[in-house]
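Survey of secondary and tertiary structure
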Amino acid sequence: MIFKEGILEGKTALVTGGGTGIGQAISLALARAGCDVALASRDPAHLDETRALVETLGRRSIAMACDVRDAALVDALVARVAGEWNRLDVLVNNAAGNFLCPAEKLSPNGFRSVIEIDLVGTFQCSRAVFPLLSVRGGSIINITSTLDYQGVPMQVHAGSAKAGIDAMTRHLASEWGPRGIRVVAIAPGPVGDTEGMRRLGGGREAAIAESIPLRRLGRRDDIASMVVYLASDAGAWITGTSIVIDGGQRLKSSFLDVQA
Ligand code: COA
């Protein structure tokens, strides 16, 4: 964590998928920066450890089971944050679902499941927090991916969802900017020590790292640090854009990279 502790003192954040992986790193970075942090996950067992860590850092925490596909559960989550804290400054839409599957073998329901978690879930959470965020302004930070920039095989469901979130980021930034709400996306490349890498990396982490210009996988804190930056006044004039954090991995598509 490169930021001064307390840079977000007195603020509150809600992180979906906030108990594990990149979401956990984000939750803890926000807490270190001074935020009280509400955590949501489909599986409440994923939240206990992170909630305890947030409280160890001296911040308040709310942990609540919530499937972001269910609008009523999302509304109940946000109502609880409003009831207990009466303010919200930052929403991090981090919850996601993914698996590798060839497009021709992917069932319509499989495609729909990922679209509903990633894209519809991001909309439902953003919509639900609008009344709270618009009181004093705030930020929505969407965790997307570089998948859709590259057109990766076996990822049509996740890439389509993330492309939709990139578009939603621009639309909501434009519409809600006058209400003091910034909307920004962060697109991570391959990040180590995550469920996503375990699911998608197939044990090829070392080779993937070697293929990246900066010669390493991302760290969860690489993403969490950007969330803190964007949530703070340092990012006060950033909205409606997607910030790639990938060690330069997306650059490796030139024909000159092909070995003879
Ligand atoms: N390959 C192909 N299709 C798959 C699949 C896979 N590995 N995993 C699930 N599906 C399909 C199912 O077959 C089902 O379609 P069907 O009804 O036509 O058979 C559909 O997706 C829904 O599956 P289900 O297991 O009922 O969905 P769910 O809502 O319980 O789970 C997922 C959602 C599919 C995204 C699941 O992978 C998940 O829960 N992931 C959460 C964690 C995660 O993905 N983290 C990594 C982030 S990178």
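For the rest of this paragraph, the subject is helix H4 (residues 108-136). The first and last C-alpha atoms of H4 sit 41 Å apart over 29 residues, in line with the 42 Å expected at 1.5 Å per residue. Looking one or two residues beyond H4, the residue adopting positive phi is Gly137, at roughly 85°.

A word on the pattern of salt bridges. By the definition in use, this model includes 12 salt bridges. Linking Asp118 and Lys162 is a salt bridge whose minimum nitrogen-to-oxygen distance equals 3.6 Å. Taken as a pair, Asp118 in helix H4 and Lys162 in helix H6 (residues 156-176) lie far apart in primary sequence, 44 residues in all. Taken individually, Asp118 and Lys162 each receive the classification buried, so the pair is uniform in this respect.

In the vicinity of the ligand, 15 residues are found, and the nearest of them are Arg42, Arg69, Asn98, Ser107 and Asn109. Between Arg42 and the ligand, the recorded distance is 2.4 Å, taken from a side-chain N or O atom to an oxygen atom. Contact distances for the ligand include 2.6 Å between an oxygen atom and a side-chain N or O atom of Ser107. Summarising the interface, the protein chains cover 57% of the accessible area of the ligand, which totals 920 Å² for the free molecule. Elements with a contribution of two residues or more to the shell around the ligand: H4 and helix H7 (195-201). Grouping the constituent residues of the shell around the ligand by class yields 4 nonpolar, 7 polar and 4 charged.

Turning to the sheet that holds strand S6 (residues 181-188), a few remarks are in order. Strands sit in the order S3-S2-S1-S4-S5-S6-S7 across an open sheet of 7 strands; the sheet is parallel. Looking at the sheet topology across the chains shown, the edges are occupied by strand S3 (61-65) and strand S7 (242-245). When the angles between neighbouring strand axes are averaged without regard to direction, this sheet yields 15°. Of the strands in this sheet, strand S1 (12-16), strand S2 (36-41), strand S4 (90-93) and strand S5 (138-143) touch helix H1 (residues 21-32), which is tilted by about 175° from S1. Taken strand by strand, H4 contacts S1, S4, S5 and S6, and its axis lies near 170° from that of S4.

Counting 32 residues, the largest nonpolar core has Ile26 and Leu30 as its most contacted members. Every element with two or more residues in this core is listed here: S1, H1, S2, S4, S5, S6, helix H9 (220-231) and S7. Beyond its immediate sequence surroundings of up to four residues, Leu30 is in contact with Leu8, Ala13, Val15, Cys35, Val37, Val92, Val227, Val228 and Ala231. Listed in part, the 29 residues of the second largest apolar core include Phe130, Leu132, Ala173 and Trp176.

We now examine the environment of Leu230. Examined against the element boundaries, Leu230 turns out to sit in helix H9. Assessed through its relative accessible area of 0%, Leu230 is described here as buried. Sequence separation between Leu230 and Phe130 is 100 residues, and the spatial gap between their C-alpha atoms is 18 Å. Apart from residues lying up to four places away in sequence, Leu230 is in contact with Ser139, Ile141, Arg182, Val184, Ile186, Gly235, Ile238 and Ile243.

Despite not being glycine, Met154 has its phi angle at roughly 65°, a positive value. With respect to the helices and strands, the residue Met154 is situated in the loop between helix H5 (147-150) and H6. A positive phi angle, near 55°, is found at Asp193, a position not held by glycine. Tracing the chain through its elements places Asp193 in the loop between S6 and H7.

The contact between helix H3 (residues 71-85) and H4 brings their axes to 9 Å, and the two run at 30°. Taken together, the axis directions place H3 and H4 in an arrangement best described as roughly parallel. Here the hand of the crossing between H3 and H4 comes out right-handed. Touching Ala71, Val74, Asp75, Val78, Val81 and Ala82 of H3 are Gln124, Cys125, Arg127, Ala128, Val129 and Leu132, all from H4. Of the residues assigned to the contact of H3 with H4, the class counts are 9 nonpolar, 1 polar and 2 charged.

What counts, and where the lines are drawn
- Residues numbered from 1 in each chain as written.
- Predicted model: local features only at pLDDT ≥ 70, side-chain atom pairs only at ≥ 80, totals over all residues.
- Heavy atoms only, no water.
- Helix = DSSP H or I, 4+ residues; strand = E, 2+ residues; numbered from the N terminus.
- Expected span 1.5 Å × (residues − 1).
- Salt bridge = Lys/Arg side-chain N within 4 Å of Asp/Glu carboxyl O.
- Buried < 20%, exposed > 50% of the residue type's maximum accessible area, 1.4 Å probe, protein only.
- Near = heavy atom within 4 Å.
- Polar contact = N/O pair within 3.5 Å; in protein donor to acceptor, adjacent residues only side chain to side chain.
- Areas by Shrake-Rupley, 256 points an atom, 1.4 Å probe, with all protein chains shown as cover.
- Nonpolar A, V, L, I, M, F, W, Y, C, P; charged D, E, K, R; others polar.
- Pairing = 2+ DSSP bridges.
- Axes fitted to C-alpha atoms, helices over the stretch in contact; angles between N-to-C directions.
- Contact = heavy atoms within 4.5 Å.
- Core = buried A, V, L, I, M, F, W, Y, C linked by side-chain atoms within 4.5 Å.
- Parallel < 35°, antiparallel > 145°, perpendicular 65-115°, else oblique.
- Left-handed = near helix turned anticlockwise from the far one by under 90°.

This is a description of form; function is not addressed.
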